[in-house]
Amino acid sequence: YEWWENSGCFQPDAKQKPQVGEKPYVLPMPPPNVTGRLHMGHAIFVALQDVLARFHRMRGRPVLWLPGTDHAGIATQLQVEKQLIAEGTTREEVGRDEFLQRVWAYKEEQGGHITRQLRSLGASADWSRERFTMDSDLSAAVAEAFVRLHDN
């Protein structure tokens, strides 16, 4: 798996020339929570999307299976607040800036588990394009999507 990933086999232009008239096939991965662990629901979506991605690759189409994780704001906040309570303090006492630093540190510490699990399932996603919903360039798009959903 590591060799395939490092060789770029899961990227849309993976050493193949698209057949004339073939449009790219794009699958956005439903983003699992960055702080979570895989469960059966994840295994089902990974299996189904992986089959689709590999099927279309075998037919000569450039395929982008775009992976990413969700910030899981409430779950992450809860975990960081538990850490603070264990230290004898609260988020109000440490202040917003310190709390946000701790949240990002928690994300860095815990965030890799779920993507390692997805890789261990053999998910042929283009990991070079992995996204996180709170990445600065995505935050505006995420906010716009929620506003549009609310307005409609």
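The following paragraphs examine the structure supplied in this document. Given the structure is predicted, the values throughout are model-derived calculations rather than measurements.

A few words on the packing of helix α3 (residues 73–86) against helix α5 (residues 96–110). α5 packs onto α3 with a crossing angle of 110° between their chain directions and a minimal axis gap of 10 Å. Taken together, the axes of α3 and α5 are roughly perpendicular relative to one another. Judged by the twist between their axes, the crossing of α3 over α5 is right-handed. Taking contact as the criterion, the partners of T76, Q77, Q79, V80, E81, Q83 and L84 in α3 are, on α5, F99, R102, V103 and Y106. Taken together, the residues that form the contact of α3 with α5 break down as five nonpolar, four polar and two charged.

In the structure shown here, the tally under the stated rule is three aromatic pairs. Between the aromatic rings of Y1 and F10, the centroid separation amounts to 5.4 Å while the plane-to-plane angle is 45°, which identifies the pairing as tilted. Here Y1 falls in the partly exposed class, since its relative accessible area comes to 29%. Between the aromatic rings of W4 and F10, the centroid separation amounts to 6.5 Å while the plane-to-plane angle is 80°, which identifies the pairing as edge-to-face. The class of W4 is partly exposed, set by a relative accessible area of 40%. Taking the relative accessible area as the measure of exposure, F10 reaches 5% and is therefore buried. Feature note: the residues Y1, W4 and F10 constitute an aromatic cluster, connected by ring pairs. Directly above the aromatic system of F132 lies the positively charged group of K107, at a separation of 4.4 Å from the ring centroid. Looking at R119, its charged tip hangs above the ring of W127, at a distance of 4.3 Å from the centre.

Of all hydrophobic cores here, the largest spans twelve residues; its members are Y25, L27, M29, F45, V46, A53, V63, W65, L118, A123, A125 and W127. For this core, the elements supplying multiple residues, two or more each, are β1 (25–28), α2 (40–58) and β2 (63–66). With three residues, α2 is the largest single contributor of residues to this core. Excluding residues that lie within four positions of it along the chain, Y25 makes contacts with L52, H56, R61, P62, V63 and L64. Formed by five residues, the second largest nonpolar core is a distinct cluster that contains V80, L84, V103 and Y106.

What follows is about the environment of E22. Here E22 shows up in the loop between α1 (2–6) and β1. E22 sits 37 residues away from R59 along the chain, and the two C-alpha atoms are 9.4 Å apart.

Conventions used here
Residues numbered from 1 in each chain as written. Predicted model: local features only at pLDDT ≥ 70, side-chain atom pairs only at ≥ 80, totals over all residues. Heavy atoms only, no water. Axes fitted to C-alpha atoms, helices over the stretch in contact; angles between N-to-C directions. Helix = DSSP H or I, 4+ residues; strand = E, 2+ residues; numbered from the N terminus. Parallel < 35°, antiparallel > 145°, perpendicular 65-115°, else oblique. Left-handed = near helix turned anticlockwise from the far one by under 90°. Contact = heavy atoms within 4.5 Å. Nonpolar A, V, L, I, M, F, W, Y, C, P; charged D, E, K, R; others polar. Phe/Tyr/Trp six-rings, centres within 6.5 Å; stacked < 30°, edge-to-face > 60°. Buried < 20%, exposed > 50% of the residue type's maximum accessible area, 1.4 Å probe, protein only. Lys NZ or Arg CZ within 6 Å of the ring centre and 35° of its normal. Core = buried A, V, L, I, M, F, W, Y, C linked by side-chain atoms within 4.5 Å.

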